Amino acid sequence: MSEANTPYDERQMRRLPVDVEHLGVRVVVPLLAVAALVLTLMLGPVLLAALNLEETAASSLLLPLAILAAIGAAMLADRLLKRYWPSGREVLVDDNWLVLRDRKNPERVLRWDGRVNLLTWRFSVPRRGRVPKGYLCLAMQLLQDEQQVTLYTFYDPKKFDQVEEGEAFTPLVSRRALQEDRLNLRVAGQQRRLLQAEDERWQNGAELQPEDFVELWRLVCRQTVVKG
């Protein structure tokens, strides 16, 4: 959508990157680390020989040097790729609008002066991966008319008590607990809605950096929304 056809002025809006650790970054970073390791193992003996080190000393230094090169390459690549290789999605936000842009799909636009329905939930990450085990997934789904935006982040549980109105993020129960009728009718109905929203997050949710998510959440708390 061209700027001339938008009801908002994106020049005045805050841009929040989405999915900074997208698949491309997760693939390229380890490849560059392996390349740095191999190159150091290949070229390291020449460098160490130029320093006139004894063969035994040079051999003992080669592997640690290669490991350091791989770690350094991974850290540098991770920082640069996240900054200069966007995922193709972003959130634009100000006191009047929230826009989710996606180069592969039509953008989704919410206006804060209209009715916005809100669902919020959280759960602990069960397995290790790029997200540390035990971190919290904080998620919110905003719905206005036919426009739906689902946003989330992974957050350090030690800092969760600093999140404004953090109690609004309802703990998500397991599907097994719901199927076994362990919950009363009101809670069960709420959890069904949250589990449907979680399915949407898994499929189409937009991941924000923790600090961006918290800042956006503060804005949401100031707006007129209807909490589900």
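Refer to the structure printed above.
Here the structure is a predicted model, which is why all the values come from computation and not from measurement. Each chain has its residues counted from 1, following the order in which its sequence is written. It should be noted that, the model being predicted, local features are given only for residues of pLDDT at least 70 and side-chain atom pairs only at 80 or more, the latter also being counted only at that level, while totals for whole chains, interfaces and linings use all residues. Just so you know, side-chain values use all the structure's heavy atoms and leave hydrogens and water out.

Caption draft 1: Spotlight on the overall build of the protein. In terms of regular secondary structure, the protein is built from 5 helices and 10 strands. We call a residue buried when its accessible area falls under 20% of the maximum for its residue type, exposed when it is over 50%, and partly exposed in between, using a 1.4 Å probe and counting protein chains only. Within the protein, the fraction of its 228 residues that count as buried is 43%. We call two residues contacting when some pair of their heavy atoms lies within 4.5 Å. Pairs at least 24 residues apart make up 64% of the contacts formed inside the protein by residues separated by at least 6 positions. To measure how exposed things are, a 1.4 Å probe is used in the Shrake-Rupley method; for residues, cover is taken only from the protein chains shown. Of the roughly 14,000 Å² of accessible surface on the protein, 54% is carried by carbon and sulfur atoms. Put simply, DSSP marks the helices as runs of H or I at least four residues long and the strands as runs of E at least two long, and each gets a number from the N terminus on.

Caption draft 2: How the structure looks around the nonpolar core. Counting residues in each nonpolar core, the largest one holds 29 residues, and the members touching the most others are V91, L98, L151 and L216. When contributions to this core are tallied by element, the ones reaching two or more residues are β2 (89-93), β3 (97-102), β5 (116-124), β6 (136-144), β7 (147-155) and α5 (210-222). Looking at which element gives the most residues to this core, the answer is α5, with 6 residues. In this structure V91 touches R14, R15, L16, V18, L98, V99, L100, L151 and L208, once residues within four positions along its chain are discounted. What makes a nonpolar core is a set of buried Ala, Val, Leu, Ile, Met, Phe, Trp, Tyr and Cys residues whose side-chain atoms join them at distances within 4.5 Å.

Caption draft 3: Representation of the pairing of β7. Among the 9 residues that make up β7, 7 are buried, leaving the element largely enclosed by the rest of the structure. For two strands to count as paired, DSSP must find a minimum of two bridges between them. The pairing of β6 with β7 spans 9 bridges and is antiparallel. Each residue of the ladder has a partner; that of L143, found in β7, is Q148. In textbook terms, the turn of a hairpin is the stretch between consecutive antiparallel strands, and for β6 and β7 this stretch comprises 2 residues, one of which, D145, has a positive phi near 55°. Pairing of β7 with strand β9 (residues 206-207) involves 2 bridges; the strand directions are parallel. Counted as the bridge partner of Y152 is E207 from β9.

Caption draft 4: Just a nonpolar patch on the surface, in detail. Patch membership requires over 30% relative accessible area and the absence of a salt bridge. Like charges are linked within 9 Å, and nonpolar side chains (Val, Leu, Ile, Met, Phe, Trp, Tyr) within 5 Å. Criterion for a salt bridge: a side-chain nitrogen of Lys or Arg within 4 Å of a carboxyl oxygen of Asp or Glu. Residues L41, L63, I67, L68, I71 and M75 make up a contiguous nonpolar surface patch of about 590 Å² in total accessible area. Within the element layout of this structure, M75 appears in helix α2 (residues 55-84).

Caption draft 5: Highlighting the pairing of β2. Among the 5 residues that make up β2, 5 are buried, leaving the element largely enclosed by the rest of the structure. The pairing of strand β1 (residues 14-17) with β2 spans 4 bridges and is antiparallel. Across the sheet, L16 pairs through a bridge with V91, a residue of β2. Inspection of the sheet shows β2 paired to β3 by 5 bridges, in the antiparallel sense. Note that in β3 the partner of V91 across the bridge is L100. Between the end of β2 and the start of β3, which pair antiparallel, lie 3 residues.

Caption draft 6: Spotlight on the pattern of salt bridges. What the rule picks out here adds up to 14 salt bridges. For R14, the salt bridge identified is with D212, shortest N-O distance 3.1 Å. Taken as a pair, R14 in strand β1 and D212 in helix α5 lie far apart in primary sequence, 198 residues in all. A residue is classified by how much of its surface remains accessible, and R14, at 36% relative accessible area, is partly exposed. In this structure, the salt-bridge partner of R222 is D95, at a minimum N-O distance of 3.8 Å. Highlighted residues: R222 in helix α5 and D95 in the loop between β2 and β3, separated in sequence by 127 residues.

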